[in-house]
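Summary of the model geometry
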Amino acid sequence: MIAPIVCVEAGRDAILAGARRVDAQRARARAALELAFARIGRSPLEATTNSDGAPVATAGWHWSQSHTRDCAAAVVSTEPVGIDVEPIELRRAVQLPNVVSAAERKVLGEIDALLFTRLWTAKEAVLKRTGVGLAELSDCRVIKVLDATHMWLTHRGVEHRVEQSIRRGFVVSVAAGLAAEAELDWTWSA
């Protein structure tokens, strides 16, 4: 079972600044991770990281978490998994040439704020799943947009299925591999 948990607390981060805001976002991500582990009957204490801060699988369970302003998400799976959440906006428009290749532009067509956010979160979820982070962003490419909530990407010659949920002004992407053909069981909470 792959059951992403998404926690939204609209407006909460606006009253915080700097480190306090980041601490609040991390706490929300940890709470989402606790809910994800509880959903499968496991303890969140099993969620450990390596020296680079990347999640380490424990007792066969892989996990990933993400946070942004007013929202956090987490997922637990029996196979490597990555999750990312971002608000729908074209705030990284200046990075567009670094994020979207010419071949991807042919696949994607016109790129608006929603499509850019879908693309960005899909790539970040895949990179989290593979454990490399944004250092290999230029090596992660969209090969097919299946519909409004599914994409196929390739990274290091391996294809990755990404499922997305779009609600409350956020896009959440989960990269769970080829074996995850069934729809994910999403939980959104306030």
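Up top is the structure.
Residues numbered from 1 in each chain as written. Predicted model: local features only at pLDDT ≥ 70, side-chain atom pairs only at ≥ 80, totals over all residues. Heavy atoms only, no water.

Even without being glycine, D70 reaches a positive phi, approximately 65°. Judged by its relative accessible area of 13%, D70 is buried. Positioned with a positive phi, R168 is a non-glycine residue whose angle comes to about 50°. Take R168: it is sitting in the loop between β9 (158-167) and β10 (170-175). (Buried < 20%, exposed > 50% of the residue type's maximum accessible area, 1.4 Å probe, protein only. Helix = DSSP H or I, 4+ residues; strand = E, 2+ residues; numbered from the N terminus.)

On to a nonpolar patch on the surface. There is a patch of nonpolar side chains on the surface, built from I88, L114 and I166 and spanning about 190 Å² of accessible area. Mapped onto the secondary structure, I166 falls in strand β9. (Patch = residues over 30% accessible without salt bridge, like charges linked within 9 Å, V, L, I, M, F, W, Y side chains within 5 Å. Areas by Shrake-Rupley, 256 points an atom, 1.4 Å probe, with all protein chains shown as cover. Salt bridge = Lys/Arg side-chain N within 4 Å of Asp/Glu carboxyl O.)

Okay, the state of the cysteines next. Each disulfide is one covalent bond, formed between the sulfur atoms of two cysteines. What the rule picks out here adds up to zero disulfides. Here C71 is not cross-linked by a disulfide; its sulfur's nearest cysteine counterpart is in C7, at 7.7 Å. (Disulfide = S-S within 2.5 Å.)

Turning next to helix α1 (residues 18-39). Along an α-helix, a turn takes 3.6 residues, which lines up residues three or four apart on a common side. Between the first and last C-alpha of α1 there are 32 Å, a value that for 22 residues agrees with the 32 Å anticipated at 1.5 Å per step. Restricting attention to buried positions, one finds in α1 the residues A24, Q25, R28, A29, A32, L33, A36 and F37. Of the surrounding secondary structure, the elements contacted by the buried residues of α1 are β1 (5-8), β4 (62-68) and β5 (71-77). The positive-phi residue at the C-terminal boundary of α1 is G41, with phi of around 75°. (Expected span 1.5 Å × (residues − 1). Contact = heavy atoms within 4.5 Å.)

Assignment of secondary structure puts C7 in strand β1. For C7, a relative accessible area of 7% corresponds to the buried category. When the C-alpha atoms of C7 and A73 are compared, they prove to be 6.2 Å apart, with 66 residues separating the residues in sequence. Every residue in contact with C7, bar those within four places of it in the chain, is listed here: R28, A32, L35, D70, C71, A72 and S189.

In the structure shown here, the tally under the stated rule is one aromatic pair. Each ring, one from F116 and one from W120, has its centre 6.4 Å from the other, and the planes form 25°; the classification is stacked. On the criterion of helical spacing, the pair formed by F116 and W120 is a turn pair, its members being four residues apart in helix α4 (residues 113-130). For F116, a relative accessible area of 2% gives the class buried. The buried category is assigned to W120, whose relative accessible area is 7%. (Phe/Tyr/Trp six-rings, centres within 6.5 Å; stacked < 30°, edge-to-face > 60°.)

Quick look at the side chain of E124 now. The topology assignment puts E124 in helix α4. One buried charge, E124, has no salt-bridge partner; the nearest side chain with opposite charge is K128, at 4.3 Å. Leaving out residues up to four positions away in the same chain, E124 has contacts with D84, E86 and L134. (Lys, Arg positive; Asp, Glu negative; His and termini not counted.)

Here the focus is the sheet that holds β1. One open sheet accounts for four strands, arranged β4-β5-β1-β11; its pairing is mixed. Looking at strand neighbours, the two that pair on one side only are β4 and β11 (187-189), the edges of this open sheet. The mean inter-strand angle of the sheet, taken between neighbouring strand axes irrespective of direction, is 10°. Pairing of β1 with β5 involves four bridges; the strand directions are antiparallel. Residue C7 lies in a different strand from β5, and its bridge partner there is A72. Relative to β5, α1 is tilted by about 30°, and along the sheet it contacts β1, β4, β5 and β11. (Pairing = 2+ DSSP bridges. Axes fitted to C-alpha atoms, helices over the stretch in contact; angles between N-to-C directions.)

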